[in-house]
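# Reading the structure
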Amino acid sequence: SSKTELNMVFDFFKKRSEEGLEQLSNLADAASKGQLGKGLIDVASYTEETNAKFAAGLAKSRGRLMQNLELLLTGSSDDLLEDLQDM
């Protein structure tokens, strides 16, 4: 399981790197066409959107971690069962 999770992390960073290079290429293309302002706006918009998605994902992961820690420390699975039943 941890190997799979580690691969997911590496895949995540690989994808972000590829996206970053694509944004840099788009910015350079816009600059070469005399549209640097538009290119900067596009990159800023993309960055804002991806940062918001990343923050939401981190918050979700943090919530899951907190629930798992609570379960581990209290030994109570009542909340877990309720969560599963709600699904």
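First, a word on what this report is: a plain description of the structure on this page. Given the structure is predicted, the values throughout are model-derived calculations rather than measurements.

### Some points on the overall build of the chain
- When its secondary structure is counted, the chain shows three helices and zero strands.
- Burial analysis of the chain (87 residues in total) assigns 7% to the buried set.
- By element, 60% of the accessible surface of the chain is carried by carbon and sulfur atoms, the whole surface being about 7,500 Å².

### A look at the pattern of salt bridges
- For the structure shown, the criterion picks out five salt bridges.
- The closest approach of N and O atoms between Asp-29 and Lys-33, which form a salt bridge, is 3.2 Å.
- Given a relative accessible area of 37%, Asp-29 falls into the partly exposed group.
- By relative accessible area, which is 56% here, Lys-33 ends up exposed.
- One salt bridge connects Lys-38 with Asp-42, and the closest N-O pair in it is separated by 2.9 Å. Residue Lys-38 and its partner Asp-42 are located together in helix 2 (residues 36-74), separated by four residues, close to a single helical turn.
- Among the residues examined, Lys-38 registers a relative accessible area of 49% and is labelled partly exposed.
- Overall, Asp-42 belongs to the partly exposed group, its relative accessible area being 39%.

Reading the values: the criteria
- Residues numbered from 1 in each chain as written.
- Predicted model: local features only at pLDDT ≥ 70, side-chain atom pairs only at ≥ 80, totals over all residues.
- Heavy atoms only, no water.
- Helix = DSSP H or I, 4+ residues; strand = E, 2+ residues; numbered from the N terminus.
- Buried < 20%, exposed > 50% of the residue type's maximum accessible area, 1.4 Å probe, protein only.
- Areas by Shrake-Rupley, 256 points an atom, 1.4 Å probe, with all protein chains shown as cover.
- Salt bridge = Lys/Arg side-chain N within 4 Å of Asp/Glu carboxyl O.

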